[in-house]
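Residue-level listing of the chains:
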Amino acid sequence: MPADTLLAVSLTRSDPPLPEQVRAAIAGGADIVELRADCIDDADAVEQLLNALREIPYIVTVRSAAEGGSWKGDEGERLALIERLAALSPDYLDIEWKSGFNPPAGEYKLILSHHDFSGMPNDLDAVFDQMCVLKPDVVKAVFTARDALDSCRVLEQLRRRGRSRPLVALAMGEAGLLTRVLAKKFGAFLTFASPWPGAESAPGQPTIGDLRKVYRWDRIAEQTRVFGVAGWPVSHSLGPRVHNAAMEAEGVDGVYLPLPVEPTYERLAALLDYISDNAWLDFAGLSVTIPHKQNAARWLQGRGKPVSDMARRCGAVNTLVRTSDGWLGENTDAGGAVDALETAPELANGALDGKTVDILGAGGAARAVAAALLERGCQVTIFNRDRRRAADLASQLGCASAPWDKRAAGSGDVLINCTSVGMTPDVGASPVPESRLAPSTVVFDTIYNPARTKLLASAAARGCTIVSGVEMFVGQAARQFTLWHGRSAPLRVLRRAIDGS
Ligand code: NAP
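Keep in mind the model is a prediction, meaning the values are calculated, not measured.

Student: How would you sum up the sheet that holds strand 19 (residues 465–467)? Please name residues and give values.
Tutor: Strand order in this open sheet of six strands is 16-15-14-17-18-19, and the pairing throughout is parallel. Two strands bound the open sheet, and with one partner strand each, they are strand 16 (400–403) and strand 19. Here the average twist between neighbouring strands, direction ignored, is 20 degrees. As judged from the five bridges shared by strand 14 (residues 356–360) and strand 15 (residues 379–384), these two strands associate in the parallel manner. Each bridged residue has a counterpart across the sheet, and for Asp358 the counterpart in strand 15 is Thr381.

Student: Help me get a handle on the site of the ligand, residues and values and all.
Tutor: If you check the shell around the ligand, you find 23 residues, and the closest are Ala365, Asn384, Arg385, Arg389 and Thr446. One of the backbone N or O atoms of Gly364 is found 3.0 Å from an oxygen atom in the ligand. At 3.4 Å, a backbone N or O of Phe473 approaches an oxygen atom of the ligand. The protein chains hide 77% of the 920 Å² of surface that the ligand would expose on its own.

Student: A description of the pattern of salt bridges should follow, citing residues and the corresponding values.
Tutor: Following the criterion strictly, the structure yields 33 salt bridges and no others. With a shortest N-O distance of 2.8 Å, Asp147 and Arg267 are connected by a salt bridge. Residue Asp147 is located in the loop between strand 6 (138–144) and helix 6 (148–161), and its partner Arg267 is located in helix 10 (residues 265–277); the two are separated by 120 residues in the primary sequence. Relative accessible area serves as the criterion here: at 0%, Asp147 is assigned to the buried category. In this structure Arg267 comes out as buried when scored by relative accessible area, which is 14%. Close ionic contact of Glu156 with Arg160 constitutes a salt bridge, the shortest N to O distance being 4.0 Å. Highlighted residues: Glu156 and Arg160, both in helix 6, separated by four residues, approximately one helical turn. On the basis of relative accessible area, Glu156 is assigned to the partly exposed category, the value being 24%.

Student: Before we move on, could you go through the pairing of strand 14 and cite the residues and values that matter?
Tutor: Burial within strand 14 is extensive, with four of its five residues counted as buried. As for the winding sense of the linkage, the β-α-β connection from strand 14 through helix 14 (residues 364–375) to strand 15 is right-handed. The pairing of strand 14 with strand 17 (residues 414–417) spans four bridges and is parallel. Considered in strand 17, the bridge of Val357 is made with Val414.

Student: Account for the packing of helix 3 (residues 43–52) against helix 4 (residues 75–86), naming residues and giving values.
Tutor: Where helix 3 meets helix 4, the axes come as close as 10 Å, and the angle between the chain directions of the two elements is 20 degrees. Regarding the angle of helix 3 to helix 4, the classification is roughly parallel. For the element pair helix 3 and helix 4, the recorded crossing hand is right-handed. In this structure, helix 3 uses Ala43, Asp44, Val46, Glu47 and Leu50 to contact helix 4, whose residues at the interface are Leu81, Arg84 and Leu85. Across the contact of helix 3 with helix 4, the residue classes tally to five nonpolar, no polar and three charged.

Student: Tell me about unusual backbone geometry, and please be specific about residues and values.
Tutor: For residues besides glycine, phi is generally negative; the peptide bonds are generally trans as well. At the junction of Ile290 and Pro291, the peptide bond is cis and its omega measures out at 5 degrees in the coordinates. Backbone torsion omega between Thr424 and Pro425 reads 10 degrees, so that peptide bond is classified as cis. Checked against the element boundaries, Pro425 lands in the loop between strand 17 and strand 18 (442–445). Of note in this structure, Asp41 is not a glycine but carries a positive phi near 60 degrees. When its relative accessible area of 61% is taken as the criterion, Asp41 is described as exposed.

Cut-offs and rules
- Residues numbered from 1 in each chain as written.
- Predicted model: local features only at pLDDT ≥ 70, side-chain atom pairs only at ≥ 80, totals over all residues.
- Heavy atoms only, no water.
- Pairing = 2+ DSSP bridges.
- Helix = DSSP H or I, 4+ residues; strand = E, 2+ residues; numbered from the N terminus.
- Axes fitted to C-alpha atoms, helices over the stretch in contact; angles between N-to-C directions.
- Near = heavy atom within 4 Å.
- Polar contact = N/O pair within 3.5 Å; in protein donor to acceptor, adjacent residues only side chain to side chain.
- Areas by Shrake-Rupley, 256 points an atom, 1.4 Å probe, with all protein chains shown as cover.
- Salt bridge = Lys/Arg side-chain N within 4 Å of Asp/Glu carboxyl O.
- Buried < 20%, exposed > 50% of the residue type's maximum accessible area, 1.4 Å probe, protein only.
- Right-handed = clockwise from strand over helix to strand, strands pointing away.
- Parallel < 35°, antiparallel > 145°, perpendicular 65-115°, else oblique.
- Left-handed = near helix turned anticlockwise from the far one by under 90°.
- Contact = heavy atoms within 4.5 Å.
- Nonpolar A, V, L, I, M, F, W, Y, C, P; charged D, E, K, R; others polar.

Now the structure itself:
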């Protein structure tokens, strides 16, 4: 059984001086340092470090350009540098499997490595079998993940082989983060992190700070349950910061990860089938975001799995909860919108019931908000740029619709923006003229980025009560937390995580 997974920081620059970088890596929590001599571009500095500062184990790597490295000289010069550094007894020496290079003399352990920047083969077994049979001290194989499903396949190799021999199995790219964080859960020899943003030695590598603070590296263990957000793209999602901070505050043994899933029903279905069939992955709950909310509802329906009444009315699932016999689909956007509206004093304690509400937009958010408000007896009118879409949604839900160019004449007690007008980077835009903003109107913008949109700033200036999309985000995330962990969410922690992002 291998020891705990090591946290390796890769150093790729000669400035600041290497000893300074090594000490910073140690202070930041690194267990081992990789000296990427191909990128550092100063062999003397690497040699001096190996001779003078041995406070932490080192991996020496002179990566060839063919395997994604920065080596600019010819192959003979590269091998000569490897031999020179090997003679200084680094703790580990990395040599590419495909280079066919015989390990040089020296006291070190050999990491036999393979890097595929083009993707990953269907037969991952063949690669690992051929490398393992050579019996190096450590086998390291790194591929490029299209999306989260590819990363799960890499983790399968780690799970099957990683506890019986020192193994590194990682995926590069944004979708590979899953393999880098869960390396510890499945007993990898190490995972790599960069010392600071922009100093990554491979695409998709997190900083050591994010790995430890956002992704809870120090807490991850074999039994840690896995959560995540499936969408495309998901790199901007606040979910990881918010849910990991909430689990940390509540002492929940879990980790929440971004899960990029290519934007087709088939690819989401393949991922959900895979994580259902492979219970060892320990996926216990998922958030689902654009463009997969309808796809998730379709997958549940096709597999005969239950969907809540609200998710059915919304026609969209934003939350999957693992149950003893599969998955349950829920929509927490709807309840989150109500939670947000009820933070307005005029709408608290049941006062929301029966109010007249004008909704701008007819997409996924509008559908969830309208469905929730109709359940509360509100009289809802939908205004949308695409008139037909507004009429379709209104007839499906049983409410009114009106032309987009009549939105300034609306007189609902509550005005809700469910369009993307005013969202970053379009922060100077507002979906309605100021004349619509009578002081008695409660104005709710579902946009949470920025927290205070042009619409909300104008409404506040005219004396309206305003509600930010941040409140809806907090509300929907809090409901997810309760569904997954069976307890109330720490609302202050959720808000702080959003503010700090
Ligand atoms: P969606 O399904 O793509 O719908 C987008 C809506 O915006 C459509 O009604 C579209 O009108 C309208 N729209 C886009 N550009 C417009 C423009 N220039 N002028 C007028 N209307 C325009 O997206 P969604 O999922 O509903 O998301 C909409 C907003 O809700 C986003 O800003 C998102 O951040 C927010 N949201 C917030 C939360 C939260 O937790 N706070 C949760 C979900 C969504 P057409 O039909 O005419 O194209």
